[in-house]
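Breakdown of the fold
These are the residues of each chain, in order.
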Amino acid sequence: MPARVLRTPVLIAGAGVSGALAALELAHHGVPSLVVERARKRSRYPDLLLISGRSVELLRRLGLAEVVRAGGLDPDSPADIVWSPALDRPPVLVWRLPSASELRQTYAATPDGSAPIEPYVLISGPELTSRLRRALHESPLADLRTGWTLADAWETQDGVAATVIDSGSGRQHVVEASYLAGCDGAQSTVRRCAGFAMEQFDPAAPNFTVYFASAEVARRWGGPSAWITAGATVISGHDGDRCVAQLPFSPDTGAFTDHAELLRRRLGLSGEPPEILAVVQRDTVPAVARAYRKGRVFLAGQAAHQTESPADDVDSCIGDGIGLGWRLAAAFHGWAGDHLLGGYAEERRRRAVLDRKRARRALATRDHFQRLVEQGADPERLAEALRQDGPRLDLAGTGPAAPAGTPGHRPPAFLLDGGDQLFDRLGPQFTLVDLTREEAGRPMVRAARARGIPVRHLPAGEAAAPAGWSGHLLLVRPDQQVAWCSSGGAPSDVDGVLDDVIGPRKRIHENT
């Protein structure tokens, strides 16, 4: 029997964080997609994810902020990062993370608009993906096929095609699409088929991730915590007696078969042996794809960037999915093309490289701490070393306040007349925020619409913006990033500005 042919504007391989959000972003702009996901069941590896306030802002655009928050940890509960030589020894330093509820009040009182309008969320990876996939099922424009595996992919004359296999029936299908998004994880088939190369940043960091149950460990601190010791990092207090331990190891230390005993030794446990729920051996090489795009094939999420732990890059995965989704929608609707699509690859790869550098600094801090412990350093020396070079988590994710409102950065947040949040009034496509008294942005909006570029005109009143607002006219992209700004009125060369932001429009030349 010949393979059945399916057609879709966008084929997405993988329904993890980046794949699900790419599909939901496309749907937000009225574009259908087909999402194939090899897994049929929820993952049994409950890695705890921290979604920064900035990423929750992006989820809020899609009506997902409260959906995700409802599956996370108690927003009134603070969390702690505890540094200790071993789990059975007193901490030398504790970094307390304010609760989400505390930060919501703090952010609301920040006068310069640099704080996010949403606080962070702590949530398990399986719970996050389950909630995003539920949203896919509820969307009339997203066709999610679980148990379907992409086996091959290739470019065609006017798009891409892929072979997918339904594991339930064993049937093989061919999918034809205008674009293919590879969001299929660290072992990406799309990446392999399209020939994307990876740039390695550091040597392999082999480790065991052990998922276990232990009342002794879970109740040691009395709340959600990450214990960083000389021999392990342990996440506990977030899911009853269930805990997660990351245990680095060297390839020359031999094979481990008794993981319960390994945990006892590394963590200094003296009570009942922990109940091992699952063990994953990872030999991840921190790396970033050298390119995120080849023709009509794109990479996103962990297919494009790999970290020591899958929990380290959830913000990047969210940004990838949304950043790719709105650009593909623009190309599908015909008002943007190669320039805008190329911008995805440049921007998201730059972000991934910065993330790898931050991760390297964090790993260097842990390695320094471990060496000091092995040398017998006293608690005061350990604490002082951490104060000097220990990186803290970025709960806001909005970046420094100084460049806010300038191209390439998030606009400051503020309340409009009537109490609406600026971010909630931004359009699904582009928005021109107009703070001039005479609404000087109208000619620019008319020019954009004449080129088929959907732009919402948002007169906001000159007095409404916080001090330090960078201009009177701000053109904001769908992902709430400033594309262009002006401290005066409308630009004299509107088409030139639009060419820089969207790309030059196609011109038809006729012989006269």
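The present account deals with the structure reproduced in this document. Predicted model, so just to flag it, every value in this text is computed and none were measured.

Rules used throughout
- Residues numbered from 1 in each chain as written.
- Predicted model: local features only at pLDDT ≥ 70, side-chain atom pairs only at ≥ 80, totals over all residues.
- Heavy atoms only, no water.
- Axes fitted to C-alpha atoms, helices over the stretch in contact; angles between N-to-C directions.
- Helix = DSSP H or I, 4+ residues; strand = E, 2+ residues; numbered from the N terminus.
- Left-handed = near helix turned anticlockwise from the far one by under 90°.
- Contact = heavy atoms within 4.5 Å.
- Nonpolar A, V, L, I, M, F, W, Y, C, P; charged D, E, K, R; others polar.
- Buried < 20%, exposed > 50% of the residue type's maximum accessible area, 1.4 Å probe, protein only.
- Arc of directions from axis to C-beta.
- Phe/Tyr/Trp six-rings, centres within 6.5 Å; stacked < 30°, edge-to-face > 60°.
- Lys NZ or Arg CZ within 6 Å of the ring centre and 35° of its normal.
- Pairing = 2+ DSSP bridges.
- Right-handed = clockwise from strand over helix to strand, strands pointing away.
- Polar contact = N/O pair within 3.5 Å; in protein donor to acceptor, adjacent residues only side chain to side chain.

The next subject is the packing of helix H2 (residues 53–61) against helix H9 (residues 314–333). Contact pair H2 / H9: the axes reach a minimum separation of 10 Å and the direction vectors enclose 35°. For the pair H2 and H9, the sense of crossing is left-handed. Facing Ser55, Leu58, Leu59 and Arg61 of H2, the residues of H9 in contact are Asp315, Ile318 and Ile322. Per-class residue counts for the contact of H2 with H9 are four nonpolar, one polar and two charged.

Turning to helix H11 (residues 379–389), a few remarks are in order. For H11, the complete set of buried residues consists of Leu382, Ala383, Ala385 and Leu386. Angularly, the buried residues of H11 cover 160° about the axis, an arc narrow enough to put them on a single face. Turned more than 90 degrees from where H11 packs its buried face, Glu380 and Gln388 sit exposed. Lining the buried residues of H11 we find strand S4 (79–83), strand S5 (93–97) and helix H10 (338–374).

The next thing to look at is the packing of aromatic side chains. With the rule as written, the count across this model stands at nine aromatic pairs. The interplanar angle of 70° and the centroid separation of 5.7 Å between the aromatic rings of Trp83 and Trp95 together place this pair among those described as edge-to-face. Here the residue Trp83 occupies a position in strand S4, and Trp95 occupies one in strand S5, the gap between them amounting to twelve residues. Judged by its relative accessible area of 3%, Trp83 is buried. By relative accessible area, which is 5% here, Trp95 ends up buried. Looking at Lys294, its charged tip hangs above the ring of Phe196, at a distance of 5.4 Å from the centre. Positioned above the aromatic ring of Tyr179 is the side chain of Arg296, whose terminal nitrogen or guanidinium carbon lies 5.0 Å from the ring centre.

What follows is about the pairing of strand S2 (residues 33–37). Burial of S2 is extensive: five of the five residues sit out of reach of the surface. Alternating positions in S2 separate into two faces, Ser33, Val35 and Glu37 on one and Leu34 and Val36 on the other, with burial throughout. As paired strands, strand S1 (residues 4–13) and S2 are joined by four bridges and run parallel to one another. Each residue of the ladder has a partner; that of Val10, found in S2, is Ser33. In terms of handedness, the path from S1 via helix H1 (residues 17–28) over to S2 forms a crossover that is right-handed. In this sheet, strand S7 (residues 142–146) lies alongside S2 in parallel orientation, the contact comprising five bridges. The partner of Val36 across the bridge, within S7, is Arg145.

Looking now at the sheet that holds strand S15 (residues 242–248). Strand order across the open sheet formed by seven strands is S5-S4-S13-S14-S15-S12-S16, with mixed pairing between neighbours. Each having just a single partner strand, S5 and strand S16 (275–282) make up the two edges of the open sheet. Recorded for the sheet is a direction-independent mean angle of 15° between the axes of neighbouring strands. As paired elements, S4 and strand S13 (residues 225–228) share four bridges and run parallel to each other. If you follow Val82 over to S13, its bridge partner there is Trp227. Sheet strands in contact with H10 are S4, S13, strand S14 (233–239) and S15, and its direction is about 45° off that of S4.

If you check which residues of helix H14 (residues 494–502) are buried, you get Val494, Gly496, Val497, Leu498, Val501 and Ile502. Packed against the buried residues of H14 are H10, strand S21 (430–434), helix H13 (442–450), strand S23 (473–476) and strand S24 (482–486). Taken from the residues just after H14, Gly503 is the one with a positive phi, measuring 115°.

Within the secondary structure, Gly334 is located in the loop between H9 and H10. Taking relative accessible area as the criterion, Gly334 reaches 61% and is therefore assigned exposed. As for Gly334 and Gly461, which are separated by 127 residues in sequence, their C-alpha atoms are 33 Å apart.

Let us look at the side chain of His29. Tracing the chain through its elements places His29 in the loop between H1 and S2. Assessed through its relative accessible area of 6%, His29 is described here as buried. Reaching out from His29, the side chain makes a polar contact with the side chain of Gln429 at a distance of 3.0 Å. With sequence-adjacent residues up to four places away left out, His29 is seen in contact with Arg61, Trp326, Ala329, His333, Pro428, Gln429 and Pro478.

The subject of this paragraph is the pairing of strand S22 (residues 455–459). Both S21 and S22 contribute to a ladder of five bridges, which runs parallel. Bridge pairing in S22 links Asp434 to Pro459. For the handedness criterion, the β-α-β arrangement of S21, H13 and S22 is classed as right-handed.

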